[in-house]
Amino acid sequence: MNHVNKGQMAPDNGDWAVEAHGLVKVFGENRAVDGVNLNVRTGTIYGVLGPNGAGKTTTIRMLATLLRPDAGSARVFGYDAVKESQIVRQLIGVTGQYASVDESLSATENLVIFSRLLGLGRAEARRKSEELLEEFGLTEAAKRPLKNFSGGMRRRLDLAASLIAQPPLIFLDEPTTGLDPRTRAQMWDTIRRLVKTGSTVLLTTQYLEEADQLADRIAVIDHGRVVAEGTVDELKASVGTSSLQLRVQNMQDLEIARLTVEQVLNIQSAVSDEAGKITAPMANTDKVTDLLIALREAGIRLTEMSVQKPTLDEVFLTITGHGVKEDSSPESFESNKEEVTI
Amino acid sequence: MKSAVMKPCMNRQLKNYTSFGQSVRHSLTMAYRGLLKIRRTPEQLFDVTLQPIIFTLMFTYIFGGAISGDVQSYLPVIIPGILVQTVITTSIVTGVQLREDMDKGVFDRFKSLPIARIAPLAGALLADTVRYTIATVLTFAIGYIMGYRPDGGLENVAIAALLVIFCSWSISWIFAFFGVIARTASSVQGISMIVLFPLTFLSNAFVPVKTMPDWLQWFVNINPISHLVSAVRELANSGTVGWDLVISLIGAVVIVAIFAPITVRAYMRRT
């Protein structure tokens, strides 16, 4: 997506929307952010991936001028986030983890007030609000107080509010946490459309799948440090592909089944004898059909077949050598796991 | 996404400061937000509606006979006193509500917008003058119903009302400061009551100063609340403008000059 709108985008510092060097934030004893470096190219989606408490939100808050870093520097389009904070605020939109809109007011009132604060005239503010509500499918609910809004509607309104000033850089802090799968997919579409118009998006997420779906580059963050950085493919390659798991009905077939797997898929597989389970990396999904046909021709009956995608847990295991801490929400792993049982 | 098309940096006029005019406009927009909130939750106005009615009736009938001989001649003393006490007490709510408001996500957005830092605070305080106005009008109205006929005339009563509203607005900056630095809304309420209770009662609001012991008279006479009460009495009861009015106004300005900057600074420092 790098090429989109590159012609008209010419920030003073070349190509970087965000440059952070050695950002540190300490809360009491806890080094919430411990020397984070991030570079985000203009016009891309950058994902910051990590479990709860890794320092994602704190990092975003420092970049968005909401928190003052204890050490290090942060620049947005070349402007210093501390010294030139008021300029930076003119270039960013922030959508927080918890909806940053006014609960007691209606959707229209919220957007009109934010528009007025951003310097739009009375009529202009009203027009802009209507436009945004229309775009985010909130027109019907425009007059209702937000108390009756669903989580998805609130997030959409929140995002709409961030777009009033048409900022070239948008921060999204866990934009889909707590949303149901359908609303999550809608949110992803919205974010993709946003980047097509030339905006740069920096988002945080706990879901590997979300980063995979949206981001051009990903930084994996843990205990306040960036532990891995690269394109989605690079990251995936370091973690490994999905794995195929087969369970045979008769233990006698196990050895033949394993040979068939290795022959057809052309890879090494692991076997656990007691359970009769074969695990193999699934590099080429197409070949699975061939494998199943080959197994049937050999007369091997399976009791179970499943595909396991790499989870955030595995990403962490591979990169840091330890798993995700206990307190992170369990649903993040389940959403990445697709099981097909025959 | 036609309207969400972003505007590149180079087409923007970027400034690292907010002008005075902008600050005023931002504050007025924030005040508009405050008014909308009051309209949406009218139950917030219970205290400013009921307190003046209950306090005026209670204090007048309890103390009237004992202090001035009868209720009728106590009215010119107590109405200005109770007015100042009620309206200033109302300004505590400003600090409490500010604290509650700041805990909500919407303040994160205000902080991330390129607006004057003082606007969210000044706006909230400005909107609350509506509350003071309601309390002021109700106190005078109850007084009138009970037979209070201020000799200063309607004009001077109106000036007195404006004076009380202005001074309460200034004092609300103190409570806004507590609101910004305190950790919970209830602690704001606690601290503010401890400050305000002695100030309003150790004054000339309810009882003639001459009846108090000397050491207390000393404090009561320098208490700014006493000056404000005297200024209101002079205006409403005889239409005269004296030193008390000047002292009250100077006091109000000094409070704003001290507390507005430190409140904004504390607000900006908060995470």
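What counts and what doesn't
Counting starts from 1 at the beginning of each chain's written sequence and moves along it residue by residue. Each chain gets a letter, beginning with A, and each ligand a number, beginning with 1, in the order they are written. Only residues with pLDDT of at least 70 are given local features in this predicted model, and only at 80 or more are side-chain atom pairs given and counted; all residues enter the totals for whole chains, interfaces and linings. Each helix is a run of DSSP H or I of at least 4 residues and each strand a run of E of at least 2, with the numbering of both proceeding from the N terminus. Here the C-beta atoms are placed from the backbone, and a residue counts as buried if at least 20 other C-beta atoms lie within 10 Å of its own, exposed if 12 or fewer do, and partly exposed otherwise. It is the C-beta atoms, placed from the backbone, that decide contacts: two residues are in contact if theirs lie within 7 Å. What pLDDT reports is the predictor's confidence in each residue, on a scale of 0 through 100. Definition of nonpolar core: a set of buried Ala, Val, Leu, Ile, Met, Phe, Trp, Tyr and Cys residues joined via C-beta atoms within 7 Å. Strand pairing requires that DSSP identify at least two bridges connecting the strands. Fitted lines through C-alpha atoms serve as axes, helices being fitted only where they are in contact, and the angles separating the N-to-C directions of these axes extend from 0 to 180 degrees. Ten residue types, Ala, Val, Leu, Ile, Met, Phe, Trp, Tyr, Cys and Pro, are classed as nonpolar, four, Asp, Glu, Lys and Arg, as charged, and the remainder, Gly among them, as polar. One less than the number of residues in a helix, times 1.5 Å, gives the span that helix is expected to have. In this analysis the local bend is the angle between axes fitted, respectively, to the seven residues ending at and the seven residues starting at the residue. What sets the label is the angle itself: under 35 degrees gives roughly parallel, over 145 gives roughly antiparallel, 65 to 115 gives roughly perpendicular, and the rest give oblique. Here a crossing is called left-handed whenever its near helix is offset anticlockwise from the far helix by less than a right angle, and right-handed whenever the offset is clockwise.

## Side note on the overall build of chain A
Next up, step 1: Counting its regular elements, chain A contains twelve helices and 14 strands.
Next up, step 2: When each of the 342 residues of chain A is scored for burial, the buried share is 45%.
Next up, step 3: Within chain A, contacts between residues at least 6 apart in sequence are counted, and of these 70% link residues at least 24 apart.

## Considerations on the confidence of the model for chain B
Next up, step 1: Taken as a whole, chain B shows an average pLDDT of 88; of its residues, 95% reach a score of 70 or greater.
Next up, step 2: Both confidence scores are given for the complex: pTM 0.77, ipTM 0.83.

## With respect to the nonpolar core
Where a protein is soluble and globular, its nonpolar side chains tend to be buried together.
Next up, step 1: Counting residues in hydrophobic clusters, the biggest one holds 82 residues, and the most contacted among them are Leu111(A), Ala160(A), Val84(B), Val164(B) and Val232(B).
Next up, step 2: Sort the elements by how many residues they give to this core and helix α7 (residues 153-181) of chain B lands first, with 15 residues.
Next up, step 3: Those residues in contact with Val84(B) that lie beyond four places of it in its chain are Val164(B), Ala205(B), Ile225(B), Leu228(B), Val229(B) and Val232(B).
Next up, step 4: Counting 52 residues, the second-largest nonpolar core is a separate cluster that includes Ala74(A), Val76(A), Ile170(A) and Met187(A).

## Observations regarding the sheet that holds strand β2 (residues 30-41) of chain A
All names here are of chain A.
Next up, step 1: Taking strand neighbours across the sheet as the criterion, the four strands line up as β2-β1-β4-β5 in an open arrangement whose pairing is antiparallel. The sheet terminates laterally at β2 and β5 (79-80), the two strands that pair on one side only.
Next up, step 2: Pairing of strand β1 (residues 16-27) with strand β4 (residues 71-76), which is carried by five bridges, proceeds in the antiparallel orientation. Across the sheet, residue Val24 finds its bridge partner in β4, namely Ala71.
Next up, step 3: Packing of helix α1 (residues 56-63) onto the sheet brings it into contact with β1, β2 and β4, and relative to β1 it is tilted by some 120°.

## Some remarks on the confidence of the model for chain A
Residues and elements named next belong to chain A.
Next up, step 1: Taken as a whole, chain A shows an average pLDDT of 81; of its residues, 85% reach a score of 70 or greater.
Next up, step 2: Within the model, the stretch residues 1-11 combines pLDDT values under 50 with 23 contacts to residues more than four positions away or in other chains.
Next up, step 3: Contacts of residues 325-342 to residues separated by more than four positions or lying in other chains number 35 contacts, the stretch itself having pLDDT below 50.

## Re the interface of chain B and chain A
Next up, step 1: Contact with chain B, which involves 32 residues of that partner, is made by 46 residues of chain A.
Next up, step 2: Going through the elements one at a time, α1 (20-40) and α4 (106-112) of chain B are the ones with two or more residues in the side of chain B that touches chain A.
Next up, step 3: In terms of residue count, the dominant contributor to the side of chain B that touches chain A is α1(B) (six residues).
Next up, step 4: Its residues assigned to classes, the side of chain B that touches chain A comprises 14 nonpolar, nine polar and nine charged.

## A look at helix α2 (residues 46-68) of chain B
Residues and elements named next belong to chain B.
Next up, step 1: Taking 1.5 Å as the rise per residue, α2 with 23 residues should run 33 Å; its terminal C-alpha atoms sit 31 Å apart, in good agreement.
Next up, step 2: When the local axis directions of α2 are compared, the greatest deviation, roughly 35°, occurs at Ile62.
Next up, step 3: In this structure, the buried residues of α2 make contact with α3 (71-102) and α6 (129-145).
Next up, step 4: The positive-phi residue at the C-terminal boundary of α2 is Gly69, with phi of around 95°.

## Considerations on the packing of α3(B) against helix α8 (residues 185-201) of chain B
Residues and elements named next belong to chain B.
Next up, step 1: Put simply, α3 and α8 touch, their axes get as near as 9 Å, and they point 160° apart. Of the possible angle classes, the one that applies to α3 and α8 is roughly antiparallel. Viewed along their axes, α3 and α8 form a crossing whose handedness is right-handed. On α8, the residues touching Gln85, Ile88, Thr89, Ile92, Gly95, Val96, Arg99 and Glu100 of α3 are Ala185, Val188, Gln189, Ser192, Met193, Leu196 and Thr200.

## Here we look at the sheet that holds strand β6 (residues 92-95) of chain A
To summarise the sheet geometry, strands pair through backbone hydrogen bonds and adopt either a parallel or an antiparallel arrangement.
All names here are of chain A.
Next up, step 1: Read from one edge of the open sheet, six strands run β6-β7-β8-β3-β9-β10, paired in mixed fashion. The open sheet has two free edges, formed respectively by β6 and β10 (225-231), since each of these has just one partner strand. Within this sheet the neighbouring strands show an average axis-to-axis angle of 15°, counted without direction.
Next up, step 2: Sheet analysis places strand β7 (residues 169-173) next to strand β8 (residues 200-205), joined by five bridges and oriented parallel. Bridge assignment links Leu172 to a residue of β8, and that residue is Leu203.
Next up, step 3: α1 rests against β3 (45-49), β7, β8 and β9 (217-222) of the sheet, and its axis sits at about 155° to β7.
Next up, step 4: The strands that helix α5 (residues 151-162) touches are β6 and β7; relative to β6, the one it contacts most, it runs at about 165°.

## Section: unusual backbone geometry
Among all residues save glycine, negative phi is the norm, and among peptide bonds the norm is trans.
Residues and elements named next belong to chain A.
Next up, step 1: Positive phi, close to 50°, is recorded for Gln166, a residue that is not glycine.
Next up, step 2: In this fold, Gln166 is placed in the loop between α5 and β7.
Next up, step 3: Even without glycine at this site, His223 takes up a positive phi of about 50°.
Next up, step 4: For His223, the location among the structural elements is in the loop between β9 and β10.

## Some thoughts on helix α3 (residues 107-117) of chain A
All names here are of chain A.
Next up, step 1: Summarising burial for α3: eleven of the eleven residues are buried, a large majority.
Next up, step 2: Those residues of α3 that sit buried are Ala107, Thr108, Glu109, Asn110, Leu111, Val112, Ile113, Phe114, Ser115, Arg116 and Leu117.
Next up, step 3: Backbone geometry just downstream of α3 places Gly119 in the positive-phi region, at approximately 95°.

## Quick notes on the packing of α7(B) against helix α10 (residues 224-238) of chain B
All names here are of chain B.
Next up, step 1: Here α7 crosses α10 at 165°, and the two axes come no closer than 8 Å. In terms of axis orientation, α7 runs roughly antiparallel to α10. Judged by the twist between their axes, the crossing of α7 over α10 is right-handed. Residues Asn156, Val157, Ile159, Ala160, Leu163, Val164 and Cys167 of α7 form the contact with α10, whose participating residues are Leu228, Ala231, Val232, Leu235 and Ala236.
Next up, step 2: Taken together, the residues of the contact of α7 with α10 sort by class into eleven nonpolar, one polar and no charged.

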